[in-house]
Amino acid sequence: MKILAIETSCDETSVAVVEDGRRVLSNQIYSQIDIHKLYGGVVPEIASRNHLEKISQIVDSGLAEASLTFDDIDAIAVTYGPGLVGALLVGVNYAKTLAYALKKPLIAVHHIVGHIFSALTEYPELKPPFICLVASGGHTQLVVVEDYHMLKVIGKTRDDAVGEAYDKVARTLDLPYPGGPQIDRLAKKGDGSAIHFKRTYLEKDGYDFSFSGIKSGVLNYINQQRQKDLPINAADVAASFQEAVVDVLVDKSVMALKNYTMNTLVLAGGVAANSRLRDRLMAAAQTEGFNYYAPSLKLCTDNAAMIGCAAYYTGDATKPVDLALNAVPSLKL
Ligand code: KG4
Ligand code: ZN
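Caption draft 1: Summary view of the coordination of the zinc ion (ligand 2). Every protein donor of the zinc ion (ligand 2) is listed here as His-111 (NE2), His-115 (NE2) and Asp-302 (OD), and their distances to the metal cover 2.1 Å. Read from N- to C-terminus, the donor residues coordinating the zinc ion (ligand 2) fall into the pattern H-x3-H-x186-D. Taken together, the positions of His-111 and His-115, both in helix H4 (residues 111-117) and four residues apart, correspond to about one turn of that helix. A relative accessible area of 7% means that His-111 is categorised as buried. Look at His-115 and you get buried, because its relative accessible area is 1%.

Caption draft 2: Highlighting the pairing of strand S3 (residues 23-31). As paired strands, strand S2 (residues 12-19) and S3 are joined by eight bridges and run antiparallel to one another. In the sheet register, Ala-16 faces S3, and the bridge partner there is Asn-27. Counted along the chain from S2 to the antiparallel partner S3, the turn is three residues long, and its residue Asp-20 has a positive phi close to 50°.

Caption draft 3: The site of ligand 1, seen in detail. Contacts to ligand 1 come from 19 residues, most closely from Gly-137, Asp-167, Asp-184, Gly-270 and Asn-274. One of the side-chain nitrogen or oxygen atoms of His-115 is found 3.1 Å away from an oxygen atom of ligand 1. Gly-137 places a polar main-chain atom, nitrogen or oxygen, 2.8 Å from an oxygen atom of ligand 1. Burial of ligand 1 by the surrounding chains reaches 88%, relative to a free accessible area of 550 Å². Counting residues per element, the ones that place at least two in the shell around ligand 1 are H4, helix H5 (162-172) and helix H6 (179-187). Broken down by class, the residue content of the shell around ligand 1 amounts to five nonpolar, 11 polar and three charged.

Caption draft 4: Region of interest: the packing of aromatic side chains. One pass over the full model with this rule turns up nine aromatic pairs. With a centroid separation of 4.9 Å and 70° between ring planes, the pair formed by Tyr-123 and Tyr-293 is classed as edge-to-face. On the criterion of sequence distance, the pair formed by Tyr-123 in the loop between H4 and strand S6 (130-135) and Tyr-293 in strand S10 (residues 291-293) is long-range, its members being 170 residues apart. Residue Tyr-123 is classed as partly exposed on the basis of its relative accessible area of 25%. Between Tyr-166 and Phe-241, the aromatic rings sit 5.1 Å apart at their centres with planes inclined by 75°, giving edge-to-face as the arrangement. Taken together, the positions of Tyr-166 in helix H5 and Phe-241 in helix H8 (residues 234-259) put the pair 75 residues apart, joining distant regions of the chain. We classify Tyr-166 as buried; its relative accessible area is 2%. Here the aromatic residues Phe-117, Phe-130, Tyr-148, Tyr-312 and Tyr-313 are joined through ring pairs into a cluster of three or more.

Caption draft 5: Examining the pattern of salt bridges more closely. Enumeration over the complete set of coordinates arrives at 16 salt bridges. As a salt-bridge pair, Arg-158 and Glu-203 come within 2.8 Å of each other at their nearest N and O atoms. With Arg-158 in the loop between strand S8 (150-156) and H5 and Glu-203 in the loop between H6 and helix H7 (212-227), this residue pair connects regions lying 45 residues apart in the sequence. Salt-bridge contacts for Lys-215 lead to Asp-160; the nearest nitrogen and oxygen are separated by 2.8 Å.

Caption draft 6: Region of the structure containing the sheet that holds S6. Reading across the sheet, the five strands line up as S8-S7-S6-S9-S10 and stay open at both edges, with mixed pairing between neighbours. The open sheet terminates on both sides in strands that have one partner only, identified here as S8 and S10. Neighbour to neighbour, the strand axes of the sheet diverge by 20° on average, direction disregarded. Two elements, S6 and strand S9 (residues 264-268), share four bridges in a ladder whose sense is parallel. Counted as the bridge partner of Ile-131 is Leu-265 from S9.

Cut-offs used in this document
Residues numbered from 1 in each chain as written. Chains lettered and ligands numbered in written order. Predicted model: local features only at pLDDT ≥ 70, side-chain atom pairs only at ≥ 80, totals over all residues. Heavy atoms only, no water. Donors = N, O, S within 2.8 Å, 3.2 Å for Na, K, Ca; no water. Helix = DSSP H or I, 4+ residues; strand = E, 2+ residues; numbered from the N terminus. Buried < 20%, exposed > 50% of the residue type's maximum accessible area, 1.4 Å probe, protein only. Pairing = 2+ DSSP bridges. Near = heavy atom within 4 Å. Polar contact = N/O pair within 3.5 Å; in protein donor to acceptor, adjacent residues only side chain to side chain. Areas by Shrake-Rupley, 256 points an atom, 1.4 Å probe, with all protein chains shown as cover. Nonpolar A, V, L, I, M, F, W, Y, C, P; charged D, E, K, R; others polar. Phe/Tyr/Trp six-rings, centres within 6.5 Å; stacked < 30°, edge-to-face > 60°. Salt bridge = Lys/Arg side-chain N within 4 Å of Asp/Glu carboxyl O. Axes fitted to C-alpha atoms, helices over the stretch in contact; angles between N-to-C directions.

So yeah, pure geometry; function would need other evidence.
Structural data, given as C-alpha cells:
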C-alpha cells in the first residue's frame, strides 16, 4: 500500500510516499526557516502563505522522487493537528481535494503520532510495545505505546516544551532561530558543569516535566552577570543549560521504562536531533540494558514520511473520504 502523505503543521512543507508504513519512497521537505529567522520565530500568517505557494510543487516533487504518478497511490494522508491552524488548513484542504478528485481514501494523522512512529521507517525490527520520549518545539511527553492503536500519555510538560526552552535560551544568548541546533553546537565548546542550573523533577515518582524553571535560571544568571559587569561564557551557559535539561529527560525516561517494565525506548521530535540527548540515552541504554532507537536527523524534525508511516498503522483506508475533516490546532493525544 502506497500512501502519499502531506505535512504542513508548522514551518515545513513536506510530502512523502511511504510503502506499507515502512519503506520511504520519497520525502520532500521544504523548510521555511530562513524566512522566519528574520523575525526570531515562526510567524503563523507567513507560514500559511508559504505552504500555499509551495504545496503543489512539493507534491509533484514527492511523486517524482518516488518515480510514481497519482495512479500508483492507494491513499492520501495528512496531518490535521496539532499545529498552527492556518498552516494545517493548507495541507488538510489540499489532501481533501486530492482524495476527492482522485477517488482515493483520506487518512487524517495526529502530528505527534507521526513523530512517535518516525523511527519505524528506519528500523525494520522496531515495533510496539515501547516507551517514546517525544521532545519537540511544541510538546514534551512520555508515551507508553502498547500497540499501534494504544498510546497512553503518562507524562507531559506543565509549562514550556523542551524545544521552546532551547529556543528561548538561545534568543537570550543572541543566537538565531531555531535555537536548538545552535545551543547544541555551542555547547560542544563549553563545560556542562560550569554553572549549576536547578533541575526540576516535580513529584519524585511522576513523569511530568517543567522547563520554565531551568529557562528562568539561565535568564537570571545572564542578567546577574550583566548587572555585575562580569563576563558571560556563552558556551558554558549553553552546555550547562543543556546538561540540566538532558538530565531530567534521561532520568524520567529510564524511570518510565523500569516502572512499566518495558525494555525499548524510542526518541522522537525535533529535539531528538540533539547530540547530547542522543549520546546520553545511548549511554543509559548500555548501562541499564534497554533497546534504544532514535530516528536519523532528517526524520527528527517535521517531515511527511512519519505521517505516511503513522497513517498506515493507525488509519483506516477502507473508510469513505471524510470531506468534513477540519484542522484541529490543539488536538490532544
Ligand atoms: O518537531 P519539530 O520539528 O517541530 C514541532 O513539532 O515543534 O521541533 C522543532 C524544535 C525547535 O524548538 C528546535 O529548536 C528543536 O526542535 N531542535 C533542537 C535541535 N534540532 C531541532 N533542539 C535541540 N537540539 C537540536 N539539535
Ligand atoms: Zn513536530
